[in-house]
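Residue-level listing of the chains:
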Amino acid sequence: MKIVIIGAGSQIFGRRSVIDVLLEKQFNDLPVELVLVDINEQKLELMYRFSQMVGEFLHSQVHVSATTDRKQALLGATHVFIAVSYHRYELWEQDFRVPYSYGFKQAYAENGGPGALFHALRNIHIIMDICSDIEIYCPQALVFNFSNPESRVLLAMSTLTNINAIGLCHGQHDALQAVCKLLERPWDSVTMRGGGINHFFWIQSIVDTTTGEDLYPLVKQKASQETSMDFALTKELLRIYGMLTYPDSTHAGEFMSCGYSYMQGKWKHGLESRSIATTHKSQQDMLSPYLRGSIPINPILVASREIAVPIIVAMQNGIPTEFTSGNFVNSGLYIPNLNPDGVVEVPILVDGKGIHPQSIPALPEGVASMCRTQMSIQKLTVQAYQERSKNLLLQTLLLEPTVDDIPKAEALIDDMLELQKDYLPVFHA
């Protein structure tokens, strides 16, 4: 087994992924190779040294190596993790502030809203090159995509390439944690099921894992008493639609015209949300303190919320195992009243034959309608990228709930394509 992590230099995703692989005791009984890949040599070297420390501490038998040569790393890979971006927070800030300067009030500018269009185009542009290499050097590999905007990126991977890919996100795990906190219960005592689109999924059932008791009435009662501003939009959507979605306004709010008001017009990672003296997490060195020994490593050696490694183990064991969610093209109408050519997030069953998306009941029409609009945005984004068409970019923006002015939308496209030209292909009129 050869696992390749592309984007391994990330101090958050890379660190979590390395720990997940090295923690897995079953890998000690197999010949497992873990290859770390990143274009940033300094960050890659830090992560490699960190992985060596973790491996020695855990007595892991996994062989770890690191390289900037992606092609060599991918040769013969069985599993590929992808989490990539260029200048993530600097460009994300442009994604938020430039549309806002045109009057397009968005909540977060990561997965939804006008800024997310440019986030999607940048990451699709990087990932298409990676996919080309996968098709050549490890065409049978199972690819786990973690890069946002998950739905748009995965749709591009699924329709513009021949690779075998699934999109993963820990959002539903966050929702489970929020529910368990409301109910003051351990996470393994509650089972939830639902779906929708990534970051805009909807929980259809919440039950006691042991007894099968319906816990939704108690959740609604507890949620109605919640006063956190972060939970405010989720609380309103539960009141209106009768279902929980992501437990933070940064996510559901991206897909609604009213989302910005729950964020108070602020970018969560900007100086308006923290003091000048506080270093942003993107600039913090999270690994060196462990490498120096100034912070003990043992407390962080726990499994993350990500499920890629548990999926690999379930496939290896061949024991049918259900997981809360994965992202797939809805070709099997896993959500019957959503578009068949867009990406949905649904529960998955994993066994020795692979990963099987599971069907869920139709979503309420009010919810489904918002999801279908976003699925059209997914499709137009990918078409615009494929055809390099500014006209299709405009059509995409005009579907966004916060975009209400055609000339401003056209000016925004020109502005962003110029500002981010080093990270985007050339689009024509």
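Residues numbered from 1 in each chain as written. Predicted model: local features only at pLDDT ≥ 70, side-chain atom pairs only at ≥ 80, totals over all residues. Heavy atoms only, no water.

## Looking at the overall build of the protein chain
Part 1 of the argument: Looking only at helices and strands, the protein chain features 15 helices and eleven strands.
Part 2 of the argument: A globule of 429 residues ought to have a C-alpha radius of gyration of about 22 Å, and the protein chain, at 21 Å, matches this closely.
Part 3 of the argument: Here the C-alpha coordinates of the protein chain stretch approximately 55 × 55 × 50 Å along the principal axes.
Part 4 of the argument: Contacts in the protein chain between residues far apart in sequence, at least 24 positions, make up 71% of those at least 6 positions apart.
Part 5 of the argument: Of the roughly 18200 Å² of accessible surface on the protein chain, a fraction of 51% belongs to carbon and sulfur atoms.
Part 6 of the argument: The distance from the centre of the 33 positive side-chain charges to the centre of the 45 negative ones in the protein chain is 3 Å. (Helix = DSSP H or I, 4+ residues; strand = E, 2+ residues; numbered from the N terminus. Rg over C-alpha atoms; globule rule 2.2 N^0.38 Å. Contact = heavy atoms within 4.5 Å. Areas by Shrake-Rupley, 256 points an atom, 1.4 Å probe, with all protein chains shown as cover. Lys, Arg positive; Asp, Glu negative; His and termini not counted. Charge placed at Lys NZ, Arg CZ, Asp CG, Glu CD.)

## Some points on the nonpolar core
Part 1 of the argument: Ranked by size, the top nonpolar core spans 51 residues in total, and within it Val80, Ile82, Ile134 and Met157 carry the most contacts.
Part 2 of the argument: Ranked by the residues each element gives to this core, the list is headed by helix H5 (residues 114-137), at eleven residues.
Part 3 of the argument: When sequence neighbours within four positions are dropped, the list of residues in contact with Ile82 reads Ile6, Ile127, Ile130, Ile134, Val143, Phe144, Asn145, Phe146, Ser147 and Met157.
Part 4 of the argument: Of all hydrophobic cores here, the second largest spans 43 residues; its members include Ile3, Leu36, Tyr290 and Phe323. (Core = buried A, V, L, I, M, F, W, Y, C linked by side-chain atoms within 4.5 Å. Buried < 20%, exposed > 50% of the residue type's maximum accessible area, 1.4 Å probe, protein only.)

## Re the packing of helix H4 (residues 88-101) against H5
Part 1 of the argument: Closest axis-to-axis distance for the H4/H5 pair is 7 Å, and the angle between their directions is 145°. Judged by the twist between their axes, the crossing of H4 over H5 is right-handed. Seen from H4, the contacting residues are Arg88, Leu91, Trp92, Asp95 and Pro99; seen from H5, they are Pro114, Gly115, Phe118, His119 and Arg122.
Part 2 of the argument: Its residues placed into classes, the contact of H4 with H5 shows five nonpolar, two polar and three charged. (Axes fitted to C-alpha atoms, helices over the stretch in contact; angles between N-to-C directions. Left-handed = near helix turned anticlockwise from the far one by under 90°. Nonpolar A, V, L, I, M, F, W, Y, C, P; charged D, E, K, R; others polar.)

## Focus on the packing of aromatic side chains
Part 1 of the argument: This model, assessed by the stated rule, comprises 13 aromatic pairs.
Part 2 of the argument: An angle of 75° between the planes, with centres 5.2 Å apart, marks the rings of Phe200 and Trp202 as edge-to-face. For the pair formed by Phe200 and Trp202, the shared burial category is buried.
Part 3 of the argument: Here the aromatic cluster, defined as three or more aromatic residues joined through ring pairs, consists of Phe13, Phe81, Phe144 and Phe146.
Part 4 of the argument: For Arg88, the ring lying beneath its charged end belongs to Tyr89, and the centroid distance is 5.5 Å.
Part 5 of the argument: Its guanidinium or amino end placed over the ring of Tyr216, Lys220 lies 5.4 Å from that ring's centre, counting from NZ or CZ. (Phe/Tyr/Trp six-rings, centres within 6.5 Å; stacked < 30°, edge-to-face > 60°. Lys NZ or Arg CZ within 6 Å of the ring centre and 35° of its normal.)

## Focus on the pattern of salt bridges
Part 1 of the argument: Counted by the stated rule, this structure contains 16 salt bridges.
Part 2 of the argument: Among the ionic pairs, Arg239 bridges to Glu236, the shortest N-O distance being 3.0 Å. A residue pair is termed a helical-turn pair when its members lie 3 or 4 positions apart in one helix, as Arg239 and Glu236 do in helix H9 (residues 232-241) at three residues.
Part 3 of the argument: Each member of the salt-bridge network shares a partner with another, and the members are Arg70, Lys71 and Asp133. (Salt bridge = Lys/Arg side-chain N within 4 Å of Asp/Glu carboxyl O.)

## Quick word on the environment of Gly318
Part 1 of the argument: Inspection of the secondary structure assignment puts Gly318 in the loop between helix H12 (308-317) and strand S9 (321-329).
Part 2 of the argument: Note: C-alpha distance between Gly318 and Met416 (98 residues apart in sequence) is 48 Å.
Part 3 of the argument: Sequence-distant contacts of Gly318, defined by excluding residues within four places in its chain, comprise Asp351 and Gly352.

## A word on the environment of Met128
Part 1 of the argument: Considering the arrangement of structural elements, one finds Met128 in helix H5.
Part 2 of the argument: Residue class for Met128 comes out buried when judged on its relative accessible area of 11%.
Part 3 of the argument: On a C-alpha basis, the gap between Met128 and Thr161 in space is 7.9 Å, while along the polypeptide they are 33 residues apart.

## Side note on the environment of Thr234
Part 1 of the argument: On the secondary structure map, Thr234 appears in helix H9.
Part 2 of the argument: Here the alpha-carbon distance between Thr234 and Asp248, two residues 14 residues apart in the chain, equals 6.7 Å.
Part 3 of the argument: Ignoring anything within four residues of it in the chain, the contact list for Thr234 reads Leu244, Thr245, Tyr246, Pro247 and Asp248.

## Observations regarding helix H1 (residues 13-23)
Part 1 of the argument: Counted residue by residue, H1 has nine buried out of eleven residues, so it is predominantly covered.
Part 2 of the argument: For H1, the set of buried residues is Phe13, Gly14, Arg15, Ser17, Val18, Ile19, Asp20, Val21 and Leu22.
Part 3 of the argument: Tucked inside the fold, the buried residues of H1 contact strand S1 (2-6), strand S2 (33-37), helix H2 (41-58), strand S3 (63-67), strand S4 (79-82) and H12.

## Some details on unusual backbone geometry
Part 1 of the argument: Here the bond from Asn148 into Pro149 is cis, since omega is -5°, no more than 30 degrees from zero.
Part 2 of the argument: Along the chain, Pro149 falls in the loop between strand S5 (142-145) and helix H6 (150-160).
Part 3 of the argument: With a phi angle near 70°, His199 is a residue other than glycine that sits in the positive phi range.
Part 4 of the argument: Turning to its location among the elements, His199 is positioned in the loop between strand S7 (190-197) and strand S8 (200-208).

## A short note on the pairing of S8
Part 1 of the argument: Across eight bridges, S7 lies against S8 in antiparallel orientation. The partner of Arg193 across the bridge, within S8, is Ser205. (Pairing = 2+ DSSP bridges.)

## Re the packing of helix H7 (residues 171-183) against helix H8 (residues 216-224)
Part 1 of the argument: Packing of H7 against H8 brings their axes to within 9 Å, and their N-to-C directions diverge by 80°. The orientation of H7 with respect to H8, classified from their angle, is roughly perpendicular. Contact residues: Val179, Leu182 and Leu183 in H7; Leu218, Val219, Lys222 and Ala223 in H8.
Part 2 of the argument: Here the contact of H7 with H8 is composed, by residue class, of six nonpolar, no polar and one charged. (Parallel < 35°, antiparallel > 145°, perpendicular 65-115°, else oblique.)

## As for H5
Part 1 of the argument: Its 24 residues place the ends of H5 36 Å apart at the C-alpha level, agreeing with the 34 Å of an ideal helix rising 1.5 Å per residue.
Part 2 of the argument: Buried residues dominate H5, accounting for 18 of its 24 residues. (Expected span 1.5 Å × (residues − 1).)

## Focus: the side chain of Ser151
Part 1 of the argument: Tracing the backbone through its elements, the reader meets Ser151 in helix H6.
Part 2 of the argument: Take Ser151: its relative accessible area is 8%, and that puts it in the buried class.
Part 3 of the argument: Setting aside its immediate chain neighbours within four residues, Ser151 contacts Ile197, Asn198, Val343 and Gln378.

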